[in-house]
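Chain residues, written in single-letter form:
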Amino acid sequence: MSESGTSDPLMTAAARLEQAVERLADALSRPRAPADSVPRAEVAALSARLDATLAKLKTALRDQSAPDDEGEE
């Protein structure tokens, strides 16, 4: 499942998250019957969770790419 050939867990997580977002976008683009629709509150809650997950991933990626200042004195 590693498209880039890397075993970096953060990059793997980022790729999987991007794939999940694409699947969600595809699902949202399909027409649905009114009885099959998702309540707006659930969509808003899912959106908030996705935003929080993206923020955590960005922080982790930023922390990983930052030079390690610990131990330098």
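Reading guide: rules and limits
Residues numbered from 1 in each chain as written. Predicted model: local features only at pLDDT ≥ 70, side-chain atom pairs only at ≥ 80, totals over all residues. Heavy atoms only, no water. Helix = DSSP H or I, 4+ residues; strand = E, 2+ residues; numbered from the N terminus. Buried < 20%, exposed > 50% of the residue type's maximum accessible area, 1.4 Å probe, protein only. Areas by Shrake-Rupley, 256 points an atom, 1.4 Å probe, with all protein chains shown as cover.

> A description of the overall build of the protein should follow, citing residues and the corresponding values.
The helix and strand inventory of the protein stands at 2 helices and 0 strands. Counting across all 73 residues of the protein, residues that qualify as buried make up 7%. Summing over all exposed atoms, the protein offers an accessible surface of approximately 6,400 Å²; the carbon and sulfur share of this is 56%.

> Go over the environment of Leu54 with me, naming the residues and quoting the values.
With respect to the helices, strands and loops of the structure, Leu54 is situated in helix α2 (residues 40–65). Residue classification places Leu54 among the partly exposed residues on the basis of a relative accessible area of 30%. Sequence separation of Leu54 and Ala14 is 40 residues, and the distance between their C-alpha atoms is 8.7 Å.

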